[in-house]
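As a plain string of letters, each chain reads:
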Amino acid sequence: MKKKVVRKEPCTNKSAGIILTKPSPTGDLIALQMRKWPPYGWAPSAGHVDKGETELAAAVREMREEFRITLVPEQVELQLVWNRPDNVCSRANSRGHDWSVYTARVSADIELRCNSKEAQIAGWFDVLSLQLLANHTFLYKLGAVREQDWRRLPGLEPVWLKFLAHPKIGLIRLPPR
């Protein structure tokens, strides 16, 4: 079993992310990146809210850092504020996160540029592909996907399952428990 690495900077226990969409002839596409570091999985742009920073400023900053897309606050709409005590990170003092989840829409010609320090790859996904990633994550959480297989071919980052399935967002469906 690997020893958990604790990062020195303290956790603010706040995270923010943006579900970015763009139109396509077959329906909306969602921007995702395959994370390079734990927690592994495909995820929208997101990260910690730094001390003294607003949740909106953090979400816009993360979008610029991770996808190289600059959004203005007027493009971004708050959808959810959700306490996730189960979402503990590797920073000191982490006790879960209060999440602010936003949505934004860009034009069809916008391209993603992956930040190679943060992610292995980034891309635009249709809703069916997003659902397939969610199904894979659900199986992983049930123990039906081995850890080494998950790291090689992950689904959605687990914290995003409930966000993307929430009625305000409604991009995926979760199977009944």
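This text follows the structure it describes.
Anyway, here's the lowdown on the structure attached to this text. (Residues numbered from 1 in each chain as written. Predicted model: local features only at pLDDT ≥ 70, side-chain atom pairs only at ≥ 80, totals over all residues. Heavy atoms only, no water.)

So, the side chain of Ser-15
Phase 1 of the analysis: Tracing the sequence through the fold places Ser-15 in strand β2 (residues 14-22).
Phase 2 of the analysis: Assessed through its relative accessible area of 4%, Ser-15 is described here as buried.
Phase 3 of the analysis: Discounting chain neighbours no more than four positions away, the residues touching Ser-15 are Gly-47, His-48, Val-49, His-97, Asp-98, Trp-99 and Ser-100. (Helix = DSSP H or I, 4+ residues; strand = E, 2+ residues; numbered from the N terminus. Buried < 20%, exposed > 50% of the residue type's maximum accessible area, 1.4 Å probe, protein only. Contact = heavy atoms within 4.5 Å.)

Comments concerning the pattern of salt bridges
Phase 1 of the analysis: Throughout the structure, instances matching the rule amount to 10 salt bridges.
Phase 2 of the analysis: The residue Arg-61 makes a salt bridge to Glu-65 at a minimum N-O spacing of 3.4 Å. On the criterion of helical spacing, the pair formed by Arg-61 and Glu-65 is a turn pair, its members being four residues apart in helix α1 (residues 55-67).
Phase 3 of the analysis: Judged by its relative accessible area of 12%, Arg-61 falls in the buried class.
Phase 4 of the analysis: A residue is classified by how much of its surface remains accessible, and Glu-65, at 30% relative accessible area, is partly exposed.
Phase 5 of the analysis: Linking Asp-149 and Arg-146 is a salt bridge whose minimum nitrogen-to-oxygen distance equals 2.9 Å.
Phase 6 of the analysis: Judged by its relative accessible area of 22%, Asp-149 is partly exposed.
Phase 7 of the analysis: Taken together, the shared-partner salt bridges connect Asp-50, Glu-53, Arg-61, Glu-62 and Glu-65 into one network. (Salt bridge = Lys/Arg side-chain N within 4 Å of Asp/Glu carboxyl O.)

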